[in-house]
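What follows is the residue order along each chain.
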Amino acid sequence: RNDAPTCARFVAIACAAWHSVALRDDGTVVTWGDSSGGQRNDAPTCARFVAITCGAWHSVALRDDGTVVTWGDSSGGQRNDAPTCGGFVAIAGA
């Protein structure tokens with residue numbers, strides 16, 4: 001598939017087996033590729049992100065306030081177990 005975004009300034013890209021996530025310089029995210037597990041359709045649309053990563057069927061993003069947002073498949077608890085306390089400064093590969 002070639003539905004990758006164009007005409008934007010990106011500061012980070014994360015790739016998984018079936019989808020990709022890019023972080024724009026304005027702090028928004030864009031996704032492309034497969035979405036059979038919600039990897040694309042569930043992506044947050046209005047938040048200021050500073051870091052992104054993704055696993056095979058899910059994605060993770062860090063907001064500028066230190067909270068974590070997850071979307072996509074949660075069959076193994078990838079989304080349900082995300083910490084909600086905030087205070088995070090970095091994320092690693094999902």
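Residues numbered from 1 in each chain as written. Predicted model: local features only at pLDDT ≥ 70, side-chain atom pairs only at ≥ 80, totals over all residues. Heavy atoms only, no water.

Asks: Hey, could you run me through the sheet that holds strand β1 (residues 10–15) in this one?
Replies: Ordered in space as β1-β2-β3, the three strands form an open sheet in which the pairing is antiparallel. At either end of the open sheet lies a strand with only one pairing partner, and these are β1 and β3 (29–33). When the angles between neighbouring strand axes are averaged without regard to direction, this sheet yields 20°. Examined bridge by bridge, β1 and strand β2 (residues 19–24) share five bridges and lie antiparallel to one another. Across the sheet, the residue bridging to Cys15 is Ser20, located in β2. (Pairing = 2+ DSSP bridges. Helix = DSSP H or I, 4+ residues; strand = E, 2+ residues; numbered from the N terminus. Axes fitted to C-alpha atoms, helices over the stretch in contact; angles between N-to-C directions.)

Asks: Which parts of the structure should I look at to understand the sheet that holds strand β4 (residues 49–54)?
Replies: As a general point, the strands of a sheet are linked pairwise by backbone hydrogen bonds and lie either parallel or antiparallel. Within the open sheet, the three strands sit side by side as β4-β5-β6. Their pairing is antiparallel. Here the strands that pair on one side only, and so sit at the sheet edges, are β4 and β6 (68–72). Geometrically, the sheet is characterised by an average inter-axis angle of 20° between neighbouring strands, direction not taken into account. Where strand β5 (residues 58–63) meets β6, five bridges bridge the pair, whose relative direction is antiparallel. Residue pairing for β6: Val60 is matched across the bridge by Thr70.

Asks: Honestly, the packing of aromatic side chains in this entry has me stumped. Any pointers?
Replies: The geometry of two aromatic rings is summed up by the distance between their centres and the angle between their planes. Evaluated as defined, the whole model comprises one aromatic pair. With 6.1 Å between their ring centres and 25° between their planes, Trp18 and Trp57 make a pair best called stacked. Residue Trp18 is located in the loop between β1 and β2, and its partner Trp57 is located in the loop between β4 and β5; the two are separated by 39 residues in the primary sequence. Classification of Trp18 by relative accessible area gives exposed; the value is 52%. Exposure remark for Trp57: the relative accessible area of 32% places this residue in the partly exposed category. (Phe/Tyr/Trp six-rings, centres within 6.5 Å; stacked < 30°, edge-to-face > 60°. Buried < 20%, exposed > 50% of the residue type's maximum accessible area, 1.4 Å probe, protein only.)

Asks: Is there a simple way to think about the pairing of β3 in this case?
Replies: Consecutive residues of a regular strand have side chains that alternate between opposite faces of the sheet. Burial analysis of β3 places five of its five residues in the buried class, the great majority of the element. With burial as the criterion, each face of β3 is covered, one bearing Val29, Thr31 and Gly33 and the other bearing Val30 and Trp32. Note: β2 against β3, five bridges, orientation antiparallel. Paired with Val21 across the strands is Thr31, a residue of β3. Where β2 folds back onto β3 in an antiparallel hairpin, the turn is made up of four residues, including Gly27, whose phi is positive at roughly 90°.

So far we have only geometry, and geometry alone does not tell us how the molecule works.
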